[in-house]
Amino acid sequence: MRISRCTLLAPLVATTVAVANPAENDAALLKLAAQSGCMACHTVLPGPKRADGLPPIAPAWRDIAVKYRDDPSASERLTRTVMTGSNPRERHWVGKVSAVNMPPNAESIGQSDARVLVNWILVLVP
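Quick summary incoming for the structure in this document.

So, the packing of helix α3 (residues 61–68) against helix α5 (residues 111–122)
Thought 1: Between α3 and α5, whose axes approach to 8 Å, the crossing angle comes to 75 degrees. Taken together, α3 and α5 sit at an angle that is classed as roughly perpendicular. Packed against α3, whose contacting residues are Trp61, Ile64, Ala65 and Tyr68, the element α5 presents Trp120, Ile121 and Leu122 at the interface.
Thought 2: In terms of residue class, the contact of α3 with α5 is made up of seven nonpolar, no polar and no charged.

Listed below in structure tokens is the structure:
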């Protein structure tokens, strides 16, 4: 009988992998978002207009999740937007947020972290 190395290692790997509960996952991703500068413009939940009466700078992540919940290409497209910035001619939030475009963020977050963050945002549907 031949036993593969994977068969022998499977129980060890299964016992050493830590799994975060939802609250820990949320906290870790909020920390990543804050460290990457995302929270300068975005919020998790929609809020009122700013104190100066103007709309929010960027859409709340809950609004993004609702808007893209049925779009199978949302993860790829939004990750690309995070990395390269938004196109000012393709504004999706006219009248709901400021006219500021999302800048490219490749200097502040890696693509794999951006994808993880986008996928987390996409499941924030109420």
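Past the structure itself, the notes keep going.
A word on the nonpolar core
Thought 1: Counting 22 residues, the largest nonpolar core has Trp61, Ile64, Tyr68, Leu78, Ile109, Leu117 and Trp120 as the members making the most contacts within it.
Thought 2: Take this core: its biggest share by element is six residues, from α5.
Thought 3: Beyond its immediate stretch of four places on either side in the chain, Leu78 contacts Ile64, Tyr68, Val118 and Leu122.

A few points about the packing of helix α4 (residues 74–84) against α5
Thought 1: In contact at an axis separation of 9 Å, α4 and α5 are set at 125 degrees when each is read in the N-to-C sense. It follows from the interaxial angle that α4 and α5 lie oblique. Crossing handedness for the pair α4 and α5: right-handed. For the pair α4 and α5, contact is made by Ala74, Ser75, Glu76, Leu78, Thr79, Val82 and Met83 and by Gln111, Ala114, Arg115, Val118, Asn119 and Leu122, respectively.
Thought 2: Of the residues that constitute the contact of α4 with α5, the class distribution is seven nonpolar, four polar and two charged.

Remarks on the side chain of Ser75
Thought 1: Summarising the element assignment, Ser75 is placed in helix α4.
Thought 2: Engagement of the side chain of Ser75 in a polar contact is seen with the side chain of Asn119, the distance being 2.6 Å.
Thought 3: Beyond its immediate chain neighbours, meaning those up to four positions away, Ser75 contacts Arg115, Val118, Asn119 and Leu122.

Here we look at the pattern of salt bridges
Thought 1: In the structure shown here, the tally under the stated rule is three salt bridges.
Thought 2: Across the pair Arg77 and Asp71 runs a salt bridge, and its minimum N-O distance is 1.9 Å.
Thought 3: With a relative accessible area of 22%, Asp71 lands in the partly exposed category.

Conventions used here
All chains use their own residue numbering, which begins from 1 and follows the written sequence. Local features are withheld for residues below a pLDDT of 70 in this predicted model, meaning they are given only at 70 or higher, and side-chain atom pairs are given and counted only at 80 or more; totals for whole chains, interfaces and linings count all residues. Each side-chain value is derived from all of the structure's non-hydrogen atoms; neither hydrogens nor water enter the calculation. Fitted lines through C-alpha atoms serve as axes, helices being fitted only where they are in contact, and the angles separating the N-to-C directions of these axes extend from 0 to 180 degrees. Runs of H or I in DSSP of at least four residues are treated as helices and runs of E of at least two as strands, each being numbered from the N terminus. In what follows, roughly perpendicular refers to angles from 65 to 115 degrees, roughly parallel to angles under 35, roughly antiparallel to angles over 145, and oblique to any angle outside these ranges. Here, two residues are considered to be in contact whenever any of their heavy atoms come within 4.5 Å of each other. Charged means Asp, Glu, Lys or Arg here, nonpolar means Ala, Val, Leu, Ile, Met, Phe, Trp, Tyr, Cys or Pro, and polar covers whatever is left, Gly included. Definition of nonpolar core: a set of buried residues of the types Ala, Val, Leu, Ile, Met, Phe, Trp, Tyr and Cys, connected through side-chain atoms within 4.5 Å. Type-normalised accessible area, obtained with a 1.4 Å probe on protein chains alone, sets the label of each residue: buried when under 20%, exposed when over 50%, and partly exposed for intermediate values. By convention the crossing between two helices is left-handed if the near helix lies anticlockwise of the far one by an angle smaller than a right angle, and right-handed if it lies clockwise. For this analysis, a polar contact is any N or O atom pair within 3.5 Å, provided that within protein one partner can donate a hydrogen and the other can accept it, and provided that sequence-adjacent residues contribute only side-chain to side-chain pairs. By convention in these notes, a salt bridge is any Lys or Arg side-chain nitrogen within 4 Å of a carboxyl oxygen on Asp or Glu.

Everything listed is a geometric property; what it means functionally is a separate question.
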